[in-house]
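Summary of the model geometry
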Amino acid sequence: MRIALFIDGSYMYQAAKRLGWNVDHRRVITQFATPEQLYNAFYYVPITDPEDERQQRFIDALVFMGYTVRSRLVRGEARFEAMMATDLLTTAPRWDRAVVASGSGELAHAFQALRAMGKEVHLLGVHELADLELRNQADRFLNLAEWREVLERTPGGRRTYAGYPVEATVEVPPAEEPGK
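Sequence order sets the numbering: in each chain, residues are counted from 1 along the sequence as written. Local features in this predicted model are restricted to residues of pLDDT 70 or higher, and side-chain atom pairs are both shown and tallied only at a pLDDT of 80 or more, whereas totals for entire chains, interfaces and linings draw on every residue. Side-chain descriptors were evaluated using all non-hydrogen atoms of the structure, hydrogens and water having been removed beforehand.

A look at the packing of aromatic side chains
The condition that has to hold: Aromatic pairing here means that ring centres of Phe, Tyr or Trp (its six-membered ring) are within 6.5 Å. Orientation follows from the plane angle: under 30 degrees is stacked, over 60 is edge-to-face, and everything else is tilted.
Scanning all chains against the criterion turns up 7 aromatic pairs. Through a chain of ring-to-ring contacts, three or more aromatic side chains come together here, namely F6, F42, Y44, F80 and W95.

The structure is reproduced here in structure tokens:
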């Protein structure tokens, strides 16, 4: 099974802030796909100040981790739905399952189209920050709070994560009961 990741950086930041912990973006890749399974990992990041060296180092780190970074200069709210929907639909022939971190209902129609194409779409997020229709169109909702143990960035300096686990940990928690 080929897997693609589509991560809205602004959404992940807000979700982690809401949950009170930081996400280790390298672990996001390794928890959802083995190197052999991974088609691509897209990370959408707003550029608020092109001269900000800290932001540039973060983008460089994402590229080093294996992400294909999609960025653009923004003023105000960062909106990447059109770019994400385009990438989801144009790359769909190359993957079987997409793991999407976003909360925007603007992606619901793209999810519906992908499912009609026989693609599996998993939505990674936080209940309060994920549009209900988007959750409805996903095959599965992965509650980010339940992934803390494996996705939390450990505090302090440089990351010491050694890389891919010996055995891939691509299992997802059991599906939620309807109505929750």
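Still more to cover.
Here we look at the confidence of the model for the protein chain
Inclusion rule: Residue-level confidence of the predictor is summarised by pLDDT, bounded by 0 at the bottom and 100 at the top. Any two residues whose heavy atoms approach within 4.5 Å are treated as being in contact.
Summing up the model confidence of the protein chain, the mean pLDDT is 86 and the portion of residues at 70 or higher is 86%. Segment residues 159–171 is flagged for pLDDT under 50; beyond a separation of four residues in sequence, or across chains, it makes 18 contacts in the model.

Comments concerning the sheet that holds strand β3 (residues 68–73)
Hydrogen bonds between backbone groups are what pair the strands of a sheet, and the pairing can be parallel or antiparallel. Heads up, the rule is: By this definition, two strands are paired if DSSP reports at least two bridges between them. Helix numbering and strand numbering both begin at the N terminus, where a helix is a DSSP run of H or I of at least 4 residues and a strand a DSSP run of E of at least 2. All axes here are fitted lines through C-alpha atoms, helices being fitted over the stretch that makes contact, and every angle between N-to-C directions spans 0 to 180 degrees.
One open sheet holds the 6 strands; their spatial order is β3-β2-β1-β4-β5-β6, and the pairing between them is parallel. Of all the strands in the sheet, just β3 and β6 (140–143) have a single pairing partner and so form its edges. Taken pair by pair, the neighbouring strands of this sheet meet at an average axis angle of 20°, ignoring direction. When strand β2 (residues 38–47) meets β3, the two strands line up parallel, connected through 6 bridges. Bridge pairing in β3 links V45 to S71.

Here we look at the nonpolar core
Stated precisely, the cut-off is as follows: Grouping buried Ala, Val, Leu, Ile, Met, Phe, Trp, Tyr and Cys residues that are joined through side-chain atoms within 4.5 Å yields what is termed a nonpolar core. The rule is simple: take the accessible area with a 1.4 Å probe, protein chains only, and divide by the maximum for that residue type; under 20% is buried, over 50% is exposed, in between is partly exposed.
If you look at the biggest cluster of nonpolar residues, it comprises 54 residues, and the most contacted ones within it are L5 and F6. The element best represented in this core is β2, accounting for 7 residues. Excluding anything up to four places from it in sequence, L5 contacts V28, I29, F32, L38, N40, A41, F42 and V99.

A look at helix α2 (residues 25–32)
Structural remark: α-helix, 3.6 residues per turn; residues separated by three or four positions point the same way. Burial of α2 is extensive: 7 of the 8 residues sit out of reach of the surface. Taken as a whole, α2 has its buried residues at H25, R27, V28, I29, T30, Q31 and F32.

Quick look at helix α4 (residues 81–91)
What counts is decided by this rule: In this context, the arc is that of the directions from the helix axis out to the C-beta atoms.
Residues of α4 that are buried: E81, M84, A85, D87, L88 and T91. Viewed end-on, α4 has its buried residues packed into an arc of 165°, placing them on one side of the element. Those residues of α4 hidden inside the fold are in contact with β1 (3–8), β2, β3, β4 (97–101) and α5 (108–116).

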